[in-house]
Amino acid sequence: DAGVIQSPRHEVTEMGQEVTLRCKPISGHDYLFWYRQTMMRGLELLIYFNNNVPIDDSGMPEDRFSAKMPNASFSTLKIQPSEPRDSAVYFCATKRGSSTEAFFGQGTRLTVV
Amino acid sequence: DAKTTQPPSMDCAEGRAANLPCNHSTISGNEYVYWYRQIHSQGPQYIIHGLKNNETNEMASLIITEDRKSSTLILPHATLRDTAVYYCIVRVATQAGTALIFGKGTTLSVSS
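The shown structure was predicted, so the numbers you read here are calculated from the model rather than taken from an experiment. (Residues numbered from 1 in each chain as written. Chains lettered and ligands numbered in written order. Predicted model: local features only at pLDDT ≥ 70, side-chain atom pairs only at ≥ 80, totals over all residues. Heavy atoms only, no water.)

Draft legend 1. A look at the overall build of chain A. Summing up its helical and strand segments, chain A has 0 helices and 11 strands in all. When the helices and strands of chain A are read in sequence order from the N terminus, they spell out β-β-β-β-β-β-β-β-β-β-β. At 13 Å, chain A has a C-alpha radius of gyration in line with the 13 Å of a compact globule built from 113 residues. Projected onto the principal axes, the alpha-carbon positions of chain A cover approximately 40 × 25 × 25 Å. Residues counted as buried form 48% of the 113 residues belonging to chain A. Restricting the contact set of chain A to residue pairs at least 6 apart, pairs at least 24 apart contribute 54%. Accessible surface computed for chain A: about 5600 Å², of which carbon and sulfur atoms make up 49%. Across chain A, the centroid of the 12 positively charged side chains sits 4 Å from that of the 13 negatively charged ones. (Helix = DSSP H or I, 4+ residues; strand = E, 2+ residues; numbered from the N terminus. Rg over C-alpha atoms; globule rule 2.2 N^0.38 Å. Buried < 20%, exposed > 50% of the residue type's maximum accessible area, 1.4 Å probe, protein only. Contact = heavy atoms within 4.5 Å. Areas by Shrake-Rupley, 256 points an atom, 1.4 Å probe, with all protein chains shown as cover. Lys, Arg positive; Asp, Glu negative; His and termini not counted. Charge placed at Lys NZ, Arg CZ, Asp CG, Glu CD.)

Draft legend 2. Summary view of the interface of chain A and chain B. Between chain A and chain B, the residue contacts involve 19 residues of the former and 20 residues of the latter. Here chain A meets chain B over a buried area of about 1600 Å², counting both sides, of which 50% is carbon and sulfur. It is Leu 43, Thr 100 and Phe 104 of chain A that lose the most area in chain A upon contact with chain B, and together they represent 31% of the buried surface on that side. Applying the counting rule to chain A against chain B returns 0 salt bridges. Our count for the contact surface shared by chain A and chain B stands at 4 residue pairs in polar contact (both at pLDDT 80 or more). (Buried area = accessible area lost by both parts, 1.4 Å probe. Salt bridge = Lys/Arg side-chain N within 4 Å of Asp/Glu carboxyl O. Polar contact = N/O pair within 3.5 Å; in protein donor to acceptor, adjacent residues only side chain to side chain.)

Draft legend 3. Up close: the layout of surface pockets. The calculated volume of the largest pocket comes to roughly 690 Å³. What lines the largest pocket is a set of 27 residues, among which Gln 37 and Met 39 of chain A together with Gln 38, His 40 and Ser 41 of chain B lie closest to the centre. Of all the elements in the fold, those that place two or more residues in the lining of the largest pocket are strand S4 (31-38), strand S9 (88-95) and strand S11 (108-112) of chain A together with strand S8 (84-90) and strand S11 (106-111) of chain B. (1 Å grid on protein atoms, 1.4 Å probe; cavity = no way out; pocket = protein on both sides within 12 Å on 5 of 7 lines; lining within 4 Å. Points joined across faces, edges and corners; volume = space filled by probe spheres on them.)

Draft legend 4. Spatial organisation of the pattern of salt bridges. Residues and elements named next belong to chain A. For the structure shown, the criterion picks out 9 salt bridges over all chains. Taking the shortest distance from any N to any O, the salt bridge between Arg 85 and Glu 83 comes out at 2.6 Å. By relative accessible area, Arg 85 is classed as exposed at 54%. Accessibility expressed as a relative area gives 23% for Glu 83, which makes it partly exposed. Each member of the salt-bridge network shares a partner with another, and the members are Glu 62, Arg 64, Glu 83, Arg 85 and Asp 86.

Draft legend 5. Just the environment of Gly 59 of chain A, in detail. All names here are of chain A. Structurally, the position occupied by Gly 59 is in the loop between strand S6 (53-56) and strand S7 (65-71). Classification of Gly 59 by relative accessible area gives partly exposed; the value is 30%. Separated by 21 residues in sequence, Gly 59 and Gln 80 place their C-alpha atoms 17 Å apart. Those residues in contact with Gly 59 that lie beyond four places of it in its chain are Leu 45 and Leu 46.

Draft legend 6. Representation of empty space enclosed by the protein in the model. Enumeration over the complete set of coordinates arrives at 1 cavity of 30 Å³ or more. The volume enclosed by the largest cavity comes to roughly 110 Å³. Along its surface, the largest cavity is lined by Phe 33, Tyr 35, Ala 93, Lys 95, Ser 99, Thr 100 and Ala 102 of chain A together with Tyr 34, Arg 91, Thr 98, Ala 99 and Leu 100 of chain B. When its residues are assigned to classes, the lining of the largest cavity shows 7 nonpolar, 3 polar and 2 charged. (Nonpolar A, V, L, I, M, F, W, Y, C, P; charged D, E, K, R; others polar.)

So, in structure tokens, the structure goes:
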């Protein structure tokens, strides 16, 4: 398996633009997590899904952020409109429900100018 | 939710054992201790986890005190590639599922 695949690896966008981050989970994993990492705040859990259903979105910072998981093979995190303070590395992680180990993708480094 | 306390940074000489401590004095009886690490520019990677007993795998050993209020991750022979941020996490339950909540971690620097 290729692991958790995130795209793009790097994204530079202008303030006010819409940004979509993508994640392909490991096949068979029924949990999917979105995290954000900054120097100031460290790794923060934004939202997670179980069997494509959002379970906890209390970490989503504001309404500009939305996440979807239309099927077991794909998830998106969208920011609209983007702001400079959204600049961070966004990680997607997945795990099988019966497993204790979560697997992380390589992350998407987002820069909003 | 139980919280963990780790030193912000530690140094270790290559080839020596690295002992990374973690305090989790409010841990509940059914909560596990997990360790992950994050090498620069990569996503976090699972290392090991335990409940009560000491655990060992190909990467590290985990020693949990009898009262479960603290634990130590041991890298028996640290290499330069072990330079990373190490996170000690106590698993928390969030609504119907489970999620890993990361603290600041310990930055381990291994030097030759």
